[in-house]
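A structural walkthrough
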Amino acid sequence: MKNILHISLTVLLSLSGITFAIAEGSPLAGLSLVIALATLFFVDLEEIFSVPAWIANSLGLLAFIFAGQEFFSGELEARLLAGGHLIVYLTWVFLIQKKKVRHFWWLCALSILQIATASVLTDDIWFGFALVLYSFVATWTLSVFLLYRSTLLNHSDSEQDSDLGSTFIVGDTWKGISRDADHRLLNWRFITINGTMTCLGLFLSFLFFVFTPRIWIGQFSFLSDEAMSRQALTGFTEEVSLGDMGEIMESDEVVVELQLVHPTSNRAFTPKEYDAYLGAEPLFRGTVMEIYDKGRWKQFPGRNSQRFYSSSRDQGVIQKFKVHAIGSDALFSFGNAYYARAFGPKERVIRERFSNELKRGSETPLTHSFEYEIQASQGPYTPQSLYYYRFYMRDLDRIPANMSRTAELAESLVVSAKTDLEKANLLQNYFMNADEFSYSLNLSIQDASIDPIEDFLFNRKSGHCEYYASSMAMMLRAVGIPSRVAGGFKGGKYDKSTKSYLIQQFHAHSWVEAYIDEQWYTFDPTPATRSLSVQEQENSSASFLKGIKAKALNIWSTGATLSQRQQRAMIYDPIKEVGMETWGHAKNIIQGRTSSLKGLLEFLKSPEEWFSLQGGLFAFVLMLLASGFVWLTKRVLPVIKKFRAKSLAVSRRREQVEFYDRFLKILSRHGIQQSPTQTAREFVNSSLLELKPKLQSQGLEGWPTELVSAFYDVRFGGLELPEPLASEIDQRLTLLESCLQEQKEKPK
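Numbering of residues begins from 1 in every chain and follows the order in which that chain's sequence is written. Two thresholds apply to this predicted model, a pLDDT of at least 70 for residue-level local features and 80 or more for giving and counting side-chain atom pairs, whereas whole-chain, interface and lining totals are computed over all residues. In computing side-chain values, all of the structure's heavy atoms are included and hydrogens and water are not.

1. Description of the overall build of the chain
By the criteria applied, helices consist of DSSP H or I runs no shorter than four residues and strands consist of E runs no shorter than two, each listed in order from the N terminus. Secondary structure assignment for the chain yields 24 helices and 19 strands. Exposure categories follow from relative accessible area, calculated using a 1.4 Å probe and restricted to protein chains: below 20% of the type maximum is buried, above 50% is exposed, and the middle band is partly exposed. Counting only residues that meet the buried cut, the chain has 42% of its 748 residues in that class. The contact criterion used throughout is that any non-hydrogen atoms of two residues lie within 4.5 Å. Contacts spanning at least 24 positions in sequence make up 71% of the contacts within the chain whose residues lie at least 6 apart. Of the accessible surface of the chain, which amounts to about 40,700 Å², a share of 59% is contributed by carbon and sulfur atoms. The protein chains shown are the only cover counted for residues, whose accessible areas, like all others here, come from Shrake-Rupley with a 1.4 Å probe.

Below is the structure:
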């Protein structure tokens, strides 16, 4: 058992160290694996080497000095890592010592602290799987440790400083431990119970996490968003390099969820209504870039923010968005939003008046998902406050001086155009020509000495949406049309399980907005082959395994950043609604109304409803009722059986005491009756004075005393009367009756 304990502890510490190292992104904590394996062999198993206490104390002091230096010399994130590194250093110090009970306690505690620190450093889904694995290993290790420690306590009142458990023989009988047939303590029963308890603990922890109300005190955050937030999703930051978006266009992670709702009935759209409203490949507008310089786009520095107010909602279609944590404050819309409202009580939706972008308020951490609803108009957008717009527009028709070839190309393409709108359409059609340009995620540069846009236009003629949008924007500016590049998503897919429109990272897209006749028009110059590329990725992500992965990522992302409002909307409100609906149906069924019964039958006939929230609650109620029925049956049946057995025993005793009733009846017919205050023995003793002379002739003068003794044994002793004795008593009662009858008939 000693070796099993040491091996289990080594696995536990190695797992916690690797988890911490991956979360931190540094190999330091990963060295715990090497040190744990080395000390397992040299210190624990072979006992070749161990560090004395005074050396261990000195190393511990050095660990505090190194961690303190890191703590006071770094930024906020470095302070957290300093604490985590101190935990790692102390783990190494304990590993190189000979293990006593207190060392095992300390190593288990330090392992848990490493996992706790790692949970602050990452919110990726891999940590969830690592946490589940760690739970099994930790529970097993602690169980073995406590079992082993119990052997010590069973043999000694004090801690054994020498070999732990050296006096314990596995299989000895001692309290609290069960063995198998081979006299082993670590048996399959122990392993099964350990795994079962771990699963039960994880399940209860999950329920505790889900149903515990989220209560946040102000805007307190141990680490700032800037220090600990995930990296912003490429393409949605304030500054973007050409080609950056290609990094996310190969990922199938879900980043945005959309639900369309009718404004009057609040009814969700059907799949056909989604297709009719959104079209084949809808554009979801997010960020806007106005300033271009040497392959980089930047946002206009003089932003004019304005909060949306909820008083302008009308009868338009309601778009309900959920934007996952993408590390950016950008929000998305289908069309030009004229109404927006955040779902959180203290959250805001901000609109940039010049660019008409939507952003979340600064009070919402970028590490949290954000939910809001909008109403939007389709078609060209007319900006407000045109007088101040001139400050915004002054740089939107300028191109860099080193892009003269681009300007010449643009001017040659629009010679025949009479209006700015015709110019824009001609430039868009130029890029849509499949013979000239092709769509590709390959970002190879042929001539690094020229601007990336000109390298794309005149050399490669192959790239993704960023290159097409940037090239058309520069060409529009070259012919006097103000333009900017918009970033967001194009396309998505309807998900039946969530009844929402899912947008994944590979749907990321860029297009052009041109200012023509005091309106902003949308142009998408990317060739149609982009749609084929996205379709291939959609088909690939639609596989069974990738579908499970996407759902797992969605659940993990939602759970990791679950807010109080989201918890109420996703958990409490649906449970309350389904519960009230179920209770209403139950009352209707009890009252004999058939409508609810028909609805229940329709629900049972629909397999799709089985996998909904209502189906889950229905299954839970059924399992609860079944469990209650089984529990009640197990509790009631023994009581019923016991009652019946007792009744039968009483009945049998009653039948067996009938011989005494017969005895009383015989004596009563001859004028001898038992007084209510007399016991059976008192009655027999008093009646013997009168009966003894009459019974002597038959040899029965002492028999009534034996009868009373048999009566007491049966009536109060609970004994069963043997068959021979019962037969003998019956014969003697008959003889007694005949004897008394003869004495009565003799003449006096």
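Alright, that's what it looks like, and here's the rest.
2. Some thoughts on the confidence of the model for the chain
Should pLDDT be low for a region, the predicted coordinates there are not to be read in detail. A score between 0 and 100, pLDDT records how confident the predictor is in each residue. Predicted confidence across the chain gives a mean pLDDT of 78, with 76% of residues reaching 70 or more. Between residues 156-176, whose pLDDT stays under 50, and residues either more than four places distant or in other chains, the model counts 30 contacts. Ignoring residues within four places in sequence, the model shows residues 216-231, a span with pLDDT below 50, making 29 contacts including any to other chains.

3. Regarding the sheet that holds strand β19 (residues 519-523)
When DSSP locates at least two bridges between a pair of strands, those strands are taken to pair. Reading across from one edge, β3-β15-β18-β19 is the order of the four strands in this open sheet, with antiparallel pairing throughout. Only two strands of the sheet have a single partner each, and these edge strands are β3 (283-289) and β19. Geometrically, the sheet is characterised by an average inter-axis angle of 35° between neighbouring strands, direction not taken into account. Here seven bridges tie strand β15 (residues 483-490) to strand β18 (residues 508-516), and the two strands are oriented antiparallel to one another. When the bridges of β18 are listed, Gly-488 appears paired with His-509. An axis is simply a line fitted to the C-alpha atoms; with a helix, the fit covers only the stretch in contact. Between two such axes, the angle follows the N-to-C directions and lies from 0 to 180 degrees.

4. Section: the packing of aromatic side chains
The geometry of two aromatic rings is summed up by the distance between their centres and the angle between their planes. Geometry of aromatic contacts follows a simple scheme: Phe, Tyr and Trp rings, the Trp one being its six-membered ring, pair when their centres are within 6.5 Å, and the pair is stacked under 30 degrees between planes, edge-to-face over 60, tilted otherwise. In total, this model carries 30 aromatic pairs according to the counting rule given. Seen from their ring centres, Phe-41 and Phe-42 are 5.0 Å apart, and the 90° between their planes marks the pair as edge-to-face. Measuring from centroid to centroid gives 5.9 Å for Phe-284 and Phe-334, while their planes differ by 50°, and the two rings are tilted. Of this pair, Phe-284 sits in strand β3 while Phe-334 is found in the loop between β8 (330-331) and β9 (336-342), placing the two residues 50 residues apart along the sequence.

5. Re the side chain of Glu-290
By secondary structure assignment, the location of Glu-290 is in the loop between β3 and β4 (291-293). Taking relative accessible area as the criterion, Glu-290 reaches 0% and is therefore assigned buried. Counting of polar contacts relies on pairs of N or O atoms within 3.5 Å, with two restrictions inside protein: one atom must be capable of donating a hydrogen and the other of accepting it, and residues adjacent in sequence are counted only when both atoms are side-chain atoms. In terms of polar contacts, Glu-290 uses its side chain to reach the side chain of Tyr-392, at 2.6 Å.

6. What to know about the environment of Ser-143
Tracing the sequence through the fold places Ser-143 in helix α6 (residues 125-155). In sequence terms Ser-143 and Phe-190 are 47 residues apart; their C-alpha atoms lie 9.2 Å from each other. Among residues more than four places away in sequence, those in contact with Ser-143 are Phe-190 and Asn-194.

7. Let's talk about the sheet that holds β4
The three strands lie next to each other as β1-β5-β4, forming an open sheet whose pairing is antiparallel. The open sheet has two free edges, formed respectively by β1 (239-241) and β4, since each of these has just one partner strand. Direction aside, the axes of adjacent strands within the sheet are offset by 20° on average. As judged from the three bridges shared by β4 and strand β5 (residues 296-298), these two strands associate in the antiparallel manner. Residue pairing across strands places Asp-293 opposite Arg-296, the latter belonging to β5. Of the strands in this sheet, β1, β4 and β5 are in contact with helix α14 (residues 465-478), which crosses β5 at around 70°.

8. Here we look at helix α2 (residues 31-45)
To estimate the expected span of a helix, subtract one from its residue number and multiply by 1.5 Å. Spanning 15 residues, α2 covers 20 Å between terminal C-alpha atoms, matching the ideal 21 Å at 1.5 Å per step. At Thr-39, α2 shows its largest kink, close to 35°. Positive phi appears at Glu-47, one or two residues downstream of α2, with a value of about 55°. Note on bend: the value at a residue is the angle between axes fitted to the seven residues ending there and to the seven starting there.

9. Some details on a nonpolar patch on the surface
Nonpolar side chains collect at one region of the surface, where Ile-18, Ile-22, Leu-33, Val-34 and Leu-37 lie side by side and expose about 420 Å² of accessible area between them. Only α1 (2-24) and α2 provide two or more residues apiece to the nonpolar patch. The element best represented in the nonpolar patch is α2, accounting for three residues. Tracing the backbone shows Leu-37 in helix α2. Exposure above 30% relative accessible area and the absence of a salt bridge qualify a residue for a patch, where like charges join within 9 Å and nonpolar side chains (Val, Leu, Ile, Met, Phe, Trp, Tyr) within 5 Å. What makes a salt bridge here is a side-chain nitrogen of Lys or Arg within 4 Å of a carboxyl oxygen of Asp or Glu, nothing more.

10. Description of the pairing of β18
The two faces of a sheet get side chains in turn, since along a regular strand they alternate between them. In terms of burial, β18 is a largely internal element, nine of the nine residues being buried. Side-chain alternation along β18 places Ala-508, Ser-510, Val-512, Ala-514 and Ile-516 on one buried face and His-509, Trp-511, Glu-513 and Tyr-515 on a second face that is also buried. The pairing of β18 with β19 spans five bridges and is classified as antiparallel. What sits directly across from Ala-514, in β19, is Tyr-521. Here β18 folds back onto β19 in antiparallel fashion, the turn holding two residues, of which Asp-517 has a positive phi close to 55°.

11. Regarding the packing of α1 against helix α5 (residues 101-121)
Two elements in contact, α1 and α5, have axes whose closest approach is 9 Å; the angle formed by their N-to-C orientations is 20°. When the interaxial angle is binned, α1 and α5 end up roughly parallel. For the element pair α1 and α5, the recorded crossing hand is left-handed. Taking contact as the criterion, the partners of Leu-5, His-6, Leu-9, Leu-12, Leu-13, Ser-16, Gly-17, Thr-19, Phe-20, Ala-23 and Glu-24 in α1 are, on α5, Phe-104, Leu-107, Cys-108, Ser-111, Gln-114, Ile-115, Thr-117, Ala-118 and Leu-121. Throughout, the ten residues Ala, Val, Leu, Ile, Met, Phe, Trp, Tyr, Cys and Pro are labelled nonpolar, Asp, Glu, Lys and Arg are labelled charged, and all others, Gly among them, are labelled polar. Of the residues belonging to the contact of α1 with α5, the class tally is twelve nonpolar, seven polar and one charged. These descriptions rest on fixed angle ranges, namely under 35 degrees for roughly parallel, over 145 for roughly antiparallel, 65 to 115 for roughly perpendicular, and the rest for oblique. It is the rotation of the near helix from the far one that decides the hand of a crossing: anticlockwise by less than a right angle makes it left-handed, clockwise makes it right-handed.

12. Quick word on unusual backbone geometry
A positive phi is found at Glu-47, a non-glycine position, where the angle reads about 55°. Within the secondary structure, Glu-47 sits in the loop between α2 and α3 (53-73). Its identity as a non-glycine residue notwithstanding, Glu-518 has a phi of 60°, on the positive side.

13. Quick word on the pattern of salt bridges
Pairing is possible between side chains that carry opposite charge, provided their charged atoms lie close to one another. In total, this model carries 17 salt bridges according to the counting rule given. Glu-47 serves as the salt-bridge partner of Lys-2, at 3.1 Å between the closest nitrogen and oxygen. One end of the pair, Lys-2, is in helix α1; the other, Glu-47, is in the loop between α2 and α3, and 45 residues separate them in sequence. Across the salt bridge formed by Glu-513 and Arg-484, the nearest N and O atoms sit 2.8 Å from each other.

14. Some thoughts on the nonpolar core
To form a nonpolar core, buried Ala, Val, Leu, Ile, Met, Phe, Trp, Tyr and Cys residues must be joined to one another through side-chain atoms within 4.5 Å. With 39 residues, the main nonpolar core has Leu-5, Leu-9, Leu-12, Phe-20, Leu-107, Leu-121 and Tyr-134 as its most contacted residues. Of all the secondary-structure elements, those providing two or more residues to this core are α1, α3, α4 (76-95), α5 and α6. At ten residues, the largest contribution of residues to this core is made by α4. Setting aside anything within four residues of it in sequence, one finds Phe-20 in contact with Ala-29, Gly-84, His-85, Val-88, Gln-114, Thr-117, Ala-118 and Leu-121.

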